[in-house]
Amino acid sequence: MPEIAEVARITHFLRQHLVGKRIAKVIAADDSNVFGKVGTTGAEFQRAVTGKQVVSAGSQGKYFWYDTHAAGITLDSPPHPVMHFGMTGWLHIRSEQTGYTRYIEKTKNDNEEWPPRFWKFQLETDSDPKVEVAFTDARRFGRVRLVDCPGGDIRKHSPLKENGPDPVIDKDLFTEDYLKQKMRNRHVPIKALLLDQAMISGIGNWVGDEIMYHARLHPEQYSDGFSDEDMAKLFKSIMYVCDTAVGHLGDSDKFPDDWLFNHRWGKGKKDASTTLPTGEKIVFITVGGRTSCVVPSVQRKTGKATVSITKEESEALENGAESKYFEEKAPKKSGKATTIKKEEQQPAPRTARSVKRKAVKGEEDDEETGLEKVAPAKRNTKEYRKDSTAEAESVSGKAPKTKKGKPEPKPVDPIPDSVRRRSGRLREKVA
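The name that an unreviewed UniProt entry assigns to the chain is Formamidopyrimidine-DNA glycosylase, with the source organism given as Apiospora saccharicola. Database annotation for the chain, UniProt heading Sequence similarities (unreviewed entry): "Belongs to the FPG family."

**Student:** Would you mind showing me how to read the packing of aromatic side chains here?
**Tutor:** To describe a pair of aromatic rings, you give the distance between the ring centres and the angle between the ring planes. In the structure shown here, the tally under the stated rule is 13 aromatic pairs. Seen in terms of ring centroids, Phe64 and Phe85 are 4.8 Å apart; in terms of plane orientation they differ by 40°. Their pairing is tilted. With Phe64 in strand 3 (residues 63-70) and Phe85 in the loop between strand 4 (80-84) and strand 5 (89-93), this pair connects stretches of sequence that are 21 residues apart. Ring geometry for Phe255 and Phe261: centres 5.2 Å apart, planes at 80°, overall edge-to-face.

**Student:** What am I meant to see in helix 5 (residues 205-215) here?
**Tutor:** Residues that lie three or four places apart on an α-helix share one face, since the helix turns once every 3.6 residues. Most of helix 5 sits out of view: 10 of its 11 residues are buried. Asn205, Trp206, Val207, Gly208, Asp209, Glu210, Ile211, Met212, Tyr213 and Ala215 are the residues of helix 5 that are buried. Those residues of helix 5 that are buried lie in contact with helix 1 (4-17), helix 4 (190-195), helix 6 (228-247) and strand 10 (290-294). Within two residues after helix 5, Arg216 carries a phi angle of roughly 60°, on the positive side.

**Student:** Is there a simple way to explain the sheet that holds strand 1 (residues 23-28) in this structure?
**Tutor:** Strand-to-strand pairing in sheets goes through backbone hydrogen bonds, with the strands running parallel or antiparallel. With antiparallel pairing, the four strands of this open sheet are ordered in space as 1-6-7-5. A single partner strand is all that each edge strand has here, and the edge strands are strand 1 and strand 5. In this sheet, neighbouring strand axes are inclined to one another by 15° on average, regardless of whether the strands run parallel or antiparallel. Bridge analysis of strand 1 against strand 6 (residues 119-125) gives five bridges, and the strand direction is antiparallel. Bridge pairing links Ile27 to Gln122 in strand 6. Each of strand 1 and strand 6 touches helix 2 (residues 42-49); the most contacted strand, strand 1, lies at about 180° to it.

**Student:** So what exactly am I meant to see when it comes to the packing of helix 3 (residues 176-184) against helix 6 here?
**Tutor:** Each pair of packed helices can be described by the angle between their axes along with the distance between the axes. Axis separation between helix 3 and helix 6 bottoms out at 10 Å; the angle between their running directions is 120°. Accordingly, the angle class assigned to the pair helix 3 and helix 6 is oblique. Considering how the two elements wind past one another, helix 3 and helix 6 form a crossing that is right-handed. Contacts between helix 3 and helix 6 involve Glu176, Leu179, Lys180, Met183 and Arg184 from the first element and Asp228, Met231, Ala232, Leu234, Phe235 and Ile238 from the second. Grouping the constituent residues of the contact of helix 3 with helix 6 by class yields seven nonpolar, no polar and four charged.

**Student:** I'm lost on unusual backbone geometry in this one. Help?
**Tutor:** Backbone geometry follows two general trends: most residues other than glycine have a negative phi, and most peptide bonds adopt the trans configuration. Following Pro78, the chain continues to Pro79 via a peptide bond in cis, the omega torsion being 5°. Along the chain, the position of Pro79 falls in the loop between strand 3 and strand 4. For the bond running from Trp114 to Pro115, omega is -5°, close enough to zero to count as cis. For Pro115, the position within the fold is in the loop between strand 5 and strand 6. The phi torsion at Phe118 lies on the positive side, around 65°, for a residue other than glycine. Although it is not a glycine, Leu249 sits at a positive phi angle of roughly 55°.

**Student:** Would you mind showing me how to read helix 2 here?
**Tutor:** Within helix 2, burial applies to Gly42, Phe45, Ala48 and Val49. Here the buried residues of helix 2 occupy an arc of 130° about the axis, which is enough to place them on one side. Downstream of helix 2 by a residue or two, Gly51 has a phi angle that is positive, lying close to 85°.

**Student:** Help me out: how do you make sense of the pattern of salt bridges in this one?
**Tutor:** When the charged atoms of two side chains lie near each other, side chains of opposite charge can form a pair. Scanning the model with the defined rule gives 15 salt bridges in all. As a salt-bridge pair, Glu132 and Arg94 come within 3.2 Å of each other at their nearest N and O atoms. With Glu132 in strand 7 (residues 132-137) and Arg94 in the loop between strand 5 and strand 6, the pair connects residues that are 38 residues apart, well separated along the chain. Two residues, Asp228 and Arg184, come together in a salt bridge whose shortest N-O distance is 2.5 Å. Taken together, the positions of Asp228 in helix 6 and Arg184 in helix 3 put the pair 44 residues apart, joining distant regions of the chain.

Thresholds applied
- Residues numbered from 1 in each chain as written.
- Predicted model: local features only at pLDDT ≥ 70, side-chain atom pairs only at ≥ 80, totals over all residues.
- Heavy atoms only, no water.
- UniProt positions renumbered as here; feature names shortened; annotations may be inferred.
- Phe/Tyr/Trp six-rings, centres within 6.5 Å; stacked < 30°, edge-to-face > 60°.
- Helix = DSSP H or I, 4+ residues; strand = E, 2+ residues; numbered from the N terminus.
- Buried < 20%, exposed > 50% of the residue type's maximum accessible area, 1.4 Å probe, protein only.
- Contact = heavy atoms within 4.5 Å.
- Pairing = 2+ DSSP bridges.
- Axes fitted to C-alpha atoms, helices over the stretch in contact; angles between N-to-C directions.
- Parallel < 35°, antiparallel > 145°, perpendicular 65-115°, else oblique.
- Left-handed = near helix turned anticlockwise from the far one by under 90°.
- Nonpolar A, V, L, I, M, F, W, Y, C, P; charged D, E, K, R; others polar.
- Arc of directions from axis to C-beta.
- Salt bridge = Lys/Arg side-chain N within 4 Å of Asp/Glu carboxyl O.

Below, the structure is given as structure tokens:
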């Protein structure tokens, strides 16, 4: 998913190629997800943008926009397009290399397919040479909306006003004290807190993992369980990772060699590396419904966490791991439980049935039951089963039973009671 660095990258290209130019032509698809789920349509977007001049472009977290003026007029001319990439959205500029991730197909030459596949809108300027721009989204989780307000007030309106400060452009708002207050007031896994856009704008999955790795903190640990020292380390890590990623415009080829980003994309791939160059093991766990990349030997749990460690983490820490890492996470039960060692456990009392079953299977030795072990072929014979039943009953001290396991029935009177009563009445009449 495009995050703070990717959005900064595309904002850079908008400022470089679109700002200062007038939009002469717009074609927008009538997509009920990309446009419709934020209250507009492709046709409305087309009418709102056509003929406008782009005067600036900006971003906050995962959102970006460009301000427009009506051509030849100095007054603000809302509404303004505000966009979110979602999972696979991207903004392409023809003959310019804007895409670089595994989701975005790189531009190879000037003769690439245009418009690109999965386009949702495309526009071109009236400049010479003209600039052609297209918004694409294969999975349709991206959003293109129109915000009706003066250009300078976009961040004061939804959806941006509900988002937290951007750690790169809002350094006066996103401070160490701000982070500590948010962490102490919430009881959620710290990774989930970092991904909450209402708390911090722009941090997504890979940025969050990179931050936790450099802070040497575990993503499952609860946010209110960190020390002041750990919170300070987390703040410094957030600023370092976000500033570095945005400074390189999300170009991963320029990221430092010691970043987790360079080694995290092998999950599920055959022959993919599962360790860092230092030999430290990489594992994947689920935190807050999202897959997180963790290096257990570096990222230790120092407080309460949402779940216990995974099997992979246990294997990674087998050699020289600290015992305090293997912390019990299950809720404690009231009362004391009695643990009986295996060697102290006493066998359950034997019944005639269990003695017979084990005797038939040949599982008991002569000292315990006095029954002889026999070959499986002999155990299957009718005579052996009959004999073993009698012996088992004698060993258990039980009274002999019938084939069905019930006591012998009383002898049956050969003359039914009804006949006896009827014959008695006949004798009375004769007398």
